[in-house]
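The chain contents come next:
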Amino acid sequence: MMMGLENRYVASIKLLAITDALGWITEGKKEQGKVKACCGVDVVDRFHNWQPRRTRFNDSLSIIHSGSYSDMTQLLLSTARSIKQNGKCDYDYFSKQELFAWSLYKQGAGRTTSAAAINISRSKAQWNSNFFTVKQKGRDYRDCGANGAAMRILPLVLVNVNNSGRMREQIFGNSIVTHGHPRALIGALLYGYMIDYVLKTNRSNFNRSEFLKEVKIGLEGLLKLPFLSEPKYLEWLKEWNENNKNVDFHNLYATILMETIQKLEVLTNNIQNNIDVNQTYQDLGCYDKGKKHYGTSTVLAGLYIFCKYLENPMEGLIKAINELGTDTKTIAVFSAGLFGSLFGSSLIPQHLFDVQDASYLESISRKLYRISLGKKVEVHDHQVISNGLKDLSQIQGSNYLVGESVFYSPLGT
């Protein structure tokens, strides 16, 4: 009997959030002792209250409560709230409302998306012209190829599972709000293709070798993106190519796509020959400081964990979460989305049920499922009224009381 697709929608998002909460603990740590120092255990396989490392990105955080998720799930939900009844992302709303608001409540965010969120607040910056510089690194928007785009696009796949062309365009449009390098864009497009394929496949008919062949076909198919001829993308391409040291976007995109195909071939060979995790991670650049956050590298590593641990999904996720020195959270999250999409909610152990906002994660997953069927749902109200409540979006003074209901756009009351 084929598992209900709605259940797989719920599992993909919920397991992603769970893995985000677990992987956040080990993220950025290179030694076992530092994991134990922050949460009291050597191996993270369940939720803990924990103490984050203080940096300029999380200097306001003290104790992270058990089951709390990070910027990954926050931005995934921001994307989900930006989806309209027709299954398309409202790019203006996502960039000007959700992304900017997120900059004020973000948890564990990286440089690129944080810089994008600040820059989009400028009146002249639009979703397809959000070119900026990451000041700490002197990195231009066009150089931003990390995984911040791929990690939030799952809702766009779920609502467009019956329309692959529209899905690719929606992923690309959402991604370029924050990331301009082809590694980020190809990583997001590739992850979307993989999730889409898995959702269309019955678990009993799923074949790992066939899947890897299809992933290669799908990756090769990304060379041509017909929607780039539309005016809104032509404007973006023109600005991308201007004053860019004679680097043409299409040429760079084709080069990175070929690089990614070659990495996929290495991954496929390693799966077929049962090469261990450490060697495969090295082959993909997952231990390399300059490469381990690439959108392409982390998505491929997530694919590897998914394929290698197909018979033991939770074992694979725990392995990814605790492989210190890598982008633990991101790789595990990409694997989790795939596992949830294939196996459904039965995969999730009971001790991980109480992830932050569990009921909200489930309800928004079900809304996305109904949108994918063309059924009318109550989508997020982009013009939520404060009903006379104090507005945290426009703080006038420190006159707030514990337990008081307040309004915060775009989250509401």
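In this convention, every chain numbers its residues from 1, walking through the sequence in written order. Totals for whole chains, interfaces and linings use every residue, but because this is a predicted model, local features are given only for residues with pLDDT of at least 70 and side-chain atom pairs only at 80 or more, for both listing and counting. With hydrogens and water set aside, each side-chain value is computed from the structure's full complement of heavy atoms.

Caption draft 1: Structural view of the overall build of the protein. Going along the chain from the N terminus, every DSSP run of H or I of four or more residues is numbered as a helix, and every run of E of two or more is numbered as a strand. For the protein, the count of helices and strands is 16 helices and 2 strands. Its C-alpha radius of gyration of 20 Å places the protein within 12% of the 22 Å reference for a compact globule of 413 residues. On the principal axes, the C-alpha backbone points of the protein span a range of 65 × 50 × 45 Å. The proportion of buried residues among the 413 residues of the protein is 55%. For a compact globule the rule gives 2.2 Å times the number of residues to the power 0.38, and the radius of gyration it is set against comes from C-alpha atoms. Three exposure classes are used, based on accessible area relative to the maximum for each residue type with a 1.4 Å probe and protein chains only: buried under 20%, partly exposed in between, and exposed over 50%.

Caption draft 2: Seen up close, the packing of helix H11 (residues 249-272) against helix H13 (residues 295-308). Axis lines are fitted through C-alpha atoms, for helices just across the contact stretch, and the angle between N-to-C directions can take any value from 0 to 180 degrees. As a packed pair, H11 and H13 sit with axes 11 Å apart at the nearest point and diverge in direction by 20°. With respect to H13, the axis of H11 lies roughly parallel. Where H11 crosses over H13, the two elements pack in a sense that is right-handed. Residues Thr260, Lys263, Leu264, Leu267 and Ile271 of H11 lie in contact with H13, whose contacting residues are Thr296, Leu300, Leu303, Tyr304, Cys307 and Lys308. Across the contact of H11 with H13, the residue classes break down as 7 nonpolar, 2 polar and 2 charged. If an angle is under 35 degrees, it is roughly parallel; if it is over 145, roughly antiparallel; if it lies from 65 to 115, roughly perpendicular; otherwise it is oblique. In this scheme the crossing of two helices becomes right-handed for a clockwise turn of the near helix relative to the far one and left-handed for an anticlockwise turn of less than a right angle. The criterion used for residue contact is that any of the two residues' heavy atoms lie within 4.5 Å. Classification convention: Asp, Glu, Lys, Arg as charged; Ala, Val, Leu, Ile, Met, Phe, Trp, Tyr, Cys, Pro as nonpolar; all other residues, Gly among them, as polar.

Caption draft 3: Highlighting the nonpolar core. Residues Phe172, Trp236, Leu303 and Phe306 are the most contacted members of the largest nonpolar core, which totals 127 residues. Beyond its immediate stretch of four places on either side in the chain, Phe172 contacts Leu185, Leu189, Leu225, Phe227, Leu228, Tyr233, Trp236 and Phe249. Note on terminology: a nonpolar core comprises buried Ala, Val, Leu, Ile, Met, Phe, Trp, Tyr and Cys residues joined through side-chain atoms within 4.5 Å.

Caption draft 4: Main features of unusual backbone geometry. Despite not being glycine, Asn274 shows a phi value in the positive range, around 55°. The topology assignment puts Asn274 in the loop between H11 and helix H12 (277-284). Asn274 gets classed as exposed once you look at its relative accessible area, which sits at 60%. Non-glycine residue Asp357 carries a positive phi angle of around 60°. Of note, Asp357 is situated in the loop between helix H15 (328-343) and helix H16 (358-372).

Caption draft 5: Molecular detail of the pattern of salt bridges. Only one rule defines a salt bridge in this text: a Lys or Arg side-chain nitrogen within 4 Å of an Asp or Glu carboxyl oxygen. A full pass over the atoms with the stated rule returns 16 salt bridges. A salt bridge links Arg81 to Glu98, with the shortest nitrogen-to-oxygen separation between them at 2.9 Å. Placement of the pair is Arg81 in helix H3 (residues 71-81) and Glu98 in helix H4 (residues 91-105), with a sequence separation of 17 residues. Considered together, Arg81 and Glu98 belong to a single accessibility category, that of buried residues. Taken together, the salt bridges that share partners define one network made up of Glu6, Lys14, Glu362 and Arg366.

Caption draft 6: Focus on the side chain of Arg81. Arg81 sits in the buried class, given a relative accessible area of 7%. Within the structure, the side chain of Arg81 is placed 2.9 Å from the side chain of Glu98, a separation counted as a polar contact. Two N or O atoms count as a polar contact when they lie within 3.5 Å, although within protein this holds only if one can serve as hydrogen donor and the other as acceptor, and sequence-adjacent residues are included solely when both atoms are side-chain atoms. A distance of 3.1 Å separates polar atoms of two side chains, one belonging to Arg81 and the other to Tyr360.

Caption draft 7: Spotlight on the environment of Cys38. In this structure, Cys38 sits in helix H2 (residues 32-39). In this structure, the C-alpha to C-alpha distance between Cys38 and Gln51, residues 13 residues apart in sequence, is 4.9 Å.

Caption draft 8: Focus on the packing of aromatic side chains. Working definition: rings of Phe, Tyr and Trp (its six-membered ring) pair if their centres are within 6.5 Å, and the pair is stacked with planes under 30 degrees apart, edge-to-face with planes over 60 apart, and tilted otherwise. Here the structure, examined in full by the defined rule, presents 22 aromatic pairs. Seen in terms of ring centroids, Phe172 and Tyr233 are 5.8 Å apart; in terms of plane orientation they differ by 80°. Their pairing is edge-to-face. On the criterion of sequence distance, the pair formed by Phe172 in helix H7 (residues 164-175) and Tyr233 in helix H10 (residues 231-241) is long-range, its members being 61 residues apart. Summarising the burial analysis for this pair, Phe172 and Tyr233 share the class buried. Through a chain of ring-to-ring contacts, three or more aromatic side chains come together here, namely Tyr91, Trp127, Phe172, Phe227, Tyr233, Trp236, Trp240, Phe249 and Tyr253. Each ring is checked for a lysine NZ or an arginine CZ that lies within 6 Å of its centre and within 35 degrees of its normal; such an atom marks a charge sitting over the ring. Lys106 extends its terminal NZ or CZ atom over the ring of Trp102, reaching a point 5.9 Å from the ring centre.

Caption draft 9: The arrangement of the side chain of Ser103 in detail. Positionally, Ser103 belongs in helix H4. Assessed through its relative accessible area of 17%, Ser103 is described here as buried.

Caption draft 10: Representation of the packing of helix H8 (residues 182-199) against helix H9 (residues 208-220) in the model. Here H8 crosses H9 at 140°, and the two axes come no closer than 10 Å. With respect to H9, the element H8 is oriented oblique. Two packed elements cross with a definite hand, and for H8 against H9 that hand is right-handed. The residues of H9 that touch H8, namely those facing Ile186, Leu190, Tyr193, Met194, Tyr197 and Val198, are Glu210, Phe211, Glu214, Val215, Gly218 and Leu219. Taken together, the residues of the contact of H8 with H9 break down into 9 nonpolar, 1 polar and 2 charged.

Caption draft 11: A look at the state of the cysteines. Cysteine sulfur atoms are paired as a disulfide whenever they fall within 2.5 Å. Overall, the coordinates contain 0 disulfides when judged by the stated rule. Cys286 supplies the cysteine sulfur nearest to Cys307, a cysteine that is in no disulfide, at a spacing of 14 Å. The class of Cys307 is buried, set by a relative accessible area of 1%.

Caption draft 12: Region of interest: the environment of Ala21. The topology assignment puts Ala21 in helix H1 (residues 5-26). With sequence-adjacent residues up to four places away left out, Ala21 is seen in contact with Phe47, Gly67, Ser68 and Tyr69.

Caption draft 13: How the structure looks around H4. Take the number of residues in a helix, subtract one, and multiply by 1.5 Å to get its expected span. Look at H4: 20 Å from first C-alpha to last across 15 residues, which is about the 21 Å you get at 1.5 Å a residue. The term bend refers to the angle at a residue between two fitted axes, each drawn through seven residues, those ending there and those starting there. The axis of H4 is deflected most strongly, by about 25°, at Glu98. Along H4, the positions that sit buried rather than exposed are Tyr91, Tyr93, Phe94, Ser95, Glu98, Leu99, Ala101, Trp102 and Ser103. Where H4 is buried, its residues touch H3, helix H5 (111-119), H7 and H10.

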